[in-house]
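Structure assessment
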Amino acid sequence: MMTTSRLRTGIAGLDEMTGGGFIRGDTTLITGPPGTGKTTFGLQFLMQGISEGESGVFVTVEEMPQKIASDAMNFGWDLKRLEAEKKMRLFHLRSEMLQAGGAPIMQCLDIVNAIGAKRVVVDPISLYSLNVGNPTDLRRELYAFVNYMKESGLTLVLTHEVPDIITRVSRISDYGLEFIVDCIIMLQYVEIESEIRRSISVLKMRGSDHDKAIRRYKITDRGVEIEARFEGYEGIMSGTARKTGAQAFIEAFKR
Ligand SMILES: Nc1ncnc2c1ncn2[C@@H]1O[C@H](COP(=O)(O)OP(=O)(O)OP(=O)(O)O)[C@@H](O)[C@H]1O
Ligand SMILES: [Mg+2]
């Protein structure tokens, strides 16, 4: 029987949430509205790999590599130095490449092979999707990309932008992205008692048990860190949480 090999994600608490880390060869989608830390998640995943001797490629769609590198410095991640040491590559997928036709995402494979990368991040795949062809071509193209990664034993993280800040999630894409990926991690803003909190949940993970709880997380100068679950609240995925009946009762009793 084939045993699955697990990769440490580098994000404190996420290995526990995913039943021991990401599965080698799998593709994980990280969805979230602006500023939830998608880019940071992706970089942190690559930094963990590098610390274990696995090189990585960060594909930035549209956003300038210089900006990614200077933001990364906030967390003490020196991408320029790591690039010079051939431990990572920042690859810029520009709009011209997207409009030129073909399958621009396949161009990443040369870079991936050039440094023998083991971890690859595409940030954000949603922007790529907006620029490329019709939904059927797009799905076929992404499917081929994801399969190539799997067959080569590469582990892939795709980030996905959700336009609404607070939203009841009903679907992720209209070209089947949620079915192409093996694992989906959802980042959300939640309003609780007039405060905005950040929440994380693992929506699906093929071939693995995983945490079903919705947890808090924070971003500090060390990156993303998972915290405790939201106790005593319901309706978190709707973006506006309410106290559960039991919690409201306990608090009324205390008063
Ligand atoms: N040094 C830091 N300490 C604490 N929080 C930070 C620090 N640097 C960044 N952040 C937080 O991280 C957020 C940005 O993270 P990131 O760029 O990874 O998000 P994103 O989801 O990729 O955003 P976008 O959708 O705009 O691309 C900021 O909004 C800020 O709240
Ligand atoms: Mg980003």
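Look up a bit, the structure's there.
This structure is a prediction, so every number in the text was calculated from the model and none was measured.

Take the pairing of strand S7 (residues 155–161) next. The two faces of a sheet get side chains in turn, since along a regular strand they alternate between them. The buried fraction of S7 amounts to 6 of the 7 residues, a majority that puts the element mostly inside the structure. Bridging between strand S3 (residues 27–32) and S7 involves 6 bridges; their strand directions are parallel. Among the inter-strand pairings, Thr31 is bridged to a residue of S7, identified as His160. Alignment of strand S6 (residues 119–123) against S7, held across 4 bridges, turns out to be parallel. Residue pairing in the sheet places Val121 in a bridge with Val157 of S7.

Within the structure shown, the criterion is met by 20 salt bridges. Between Asp137 and Arg140 there is a salt bridge; the shortest N-O distance is 3.5 Å. Here the residue Asp137 and the residue Arg140 both occupy positions in helix H8 (residues 135–151), the gap between them amounting to 3 residues, near one helical turn. Residue classification places Arg140 among the exposed residues on the basis of a relative accessible area of 55%. In this structure, Lys218 engages Glu225 in a salt bridge whose closest nitrogen and oxygen atoms are separated by 3.9 Å. According to the relative accessible area criterion, Glu225 is buried, its value standing at 18%. Members of the salt-bridge network, linked through shared partners, are Asp26, Lys150, Asp182 and Arg206.

With respect to the helices and strands, Lys38 occurs in helix H2 (residues 38–51). Although Lys38 is buried, it forms no salt bridge, and the closest oppositely charged side chain is Glu161 at an N-O distance of 5.6 Å. Non-local contacts of Lys38, meaning those with residues more than four positions away in its chain, are made with Ile30, Thr31, Gly32, Pro33, Thr159, His160, Glu161 and Leu187.

Turning next to H8. Along its 17 residues, H8 runs 24 Å from first to last C-alpha, staying within 8% of the 24 Å computed at 1.5 Å per residue. Along H8, the residues that are buried comprise Leu138, Glu141, Leu142, Phe145, Val146 and Met149. Buried residues of H8, seen end-on, are gathered within an arc of 130 degrees and therefore sit on one face of the element. More than 90 degrees from the buried face of H8, the exposed residues found are Thr136, Arg140 and Glu151. Here H8 starts with a cap whose side-chain oxygen sits 3.0 Å from the backbone nitrogen of Thr136, and that cap is Asn134. One or two residues past the end of H8 sits Gly153, with phi positive at roughly 70 degrees.

Strand order in this open sheet of 9 strands is S5-S4-S6-S7-S3-S8-S9-S10-S11, and the pairing throughout is mixed. Strands at the two margins of the open sheet, each flanked by one partner only, are strand S5 (88–93) and strand S11 (223–229). Averaged over neighbouring strand pairs, the angle between their axes works out to 25 degrees when direction is ignored. With 2 bridges joining them, strand S9 (residues 195–205) and strand S10 (residues 215–220) adopt antiparallel strand pairing. Residue Ile200 lies in a different strand from S10, and its bridge partner there is Arg215.

Lining the immediate environment of ligand 1, one finds Pro34, Gly35, Thr36, Gly37, Lys38, Thr39, Thr40, Phe75, Arg198, Ile219, Thr220 and Asp221. Contact distances for ligand 1 include 2.5 Å between an oxygen atom and a side-chain N or O atom of Thr40. One of the side-chain N or O atoms of Arg198 is found 2.9 Å from an oxygen atom in ligand 1. Within the residue set of the shell around ligand 1, elements represented by two or more residues are H2 and S10. With 3 residues, H2 is the single largest residue contributor to the shell around ligand 1.

All right, on to unusual backbone geometry then. Here the residue pair Asp123 and Pro124 is connected by a cis peptide bond, since its omega of -10 degrees sits within 30 degrees of zero. With respect to the secondary-structure elements, Pro124 resides in the loop between S6 and helix H7 (125–131). One non-glycine residue with positive phi stands out, namely Glu62, at about 75 degrees. Take Glu62: it is sitting in the loop between strand S4 (56–61) and helix H3 (65–73). Take Glu62: its relative accessible area is 28%, and that puts it in the partly exposed class. Not every positive phi belongs to a glycine, and Ser194 is a case in point at roughly 65 degrees. Assignment of secondary structure puts Ser194 in the loop between strand S8 (183–192) and S9. Owing to a relative accessible area of 72%, Ser194 belongs among the exposed residues under this scheme.

What counts, and where the lines are drawn
The written sequence of each chain sets the order in which its residues are numbered from 1. For naming, the first written chain is A and the first written ligand is 1, with later ones following in the order written. The predicted nature of this model means local features are confined to residues of pLDDT at least 70 and side-chain atom pairs, given and counted, to a pLDDT of 80 or more, with totals for whole chains, interfaces and linings taken over all residues. Where side-chain values are given, they derive from all heavy atoms of the structure, hydrogens and water being excluded. Throughout this description, buried means an accessible area under 20% of the type-specific maximum (1.4 Å probe, protein chains only), exposed means over 50%, and partly exposed covers the range between. Here a strand is any run of E in DSSP of at least two residues, a helix any run of H or I of at least four, and the numbering for each starts at the N terminus. When DSSP finds two or more bridges between a pair of strands, those strands are recorded as paired. When a carboxyl oxygen of Asp or Glu lies within 4 Å of a side-chain nitrogen of Lys or Arg, that pair is called a salt bridge. Charge counting treats Lys and Arg as positive and Asp and Glu as negative, with His and both chain ends excluded. Pairs of residues are marked as contacts when any of their non-hydrogen atoms sit within 4.5 Å. The span expected for a helix works out to 1.5 Å for each residue beyond the first. The directions considered for the arc run from the helix axis to the C-beta atoms. We call two N or O atoms a polar contact when they sit within 3.5 Å, provided that within protein one can donate a hydrogen and the other can accept it, with sequence-adjacent residues counted only if both atoms are side-chain atoms. Axis lines are fitted to C-alpha atoms, over the contacting stretch for helices. Their N-to-C directions set the angle, which ranges from 0 to 180 degrees. To be near a molecule or strand, a residue needs just one of its heavy atoms within 4 Å of it.

Keep in mind that these numbers describe shape and distance, not what the molecule does.
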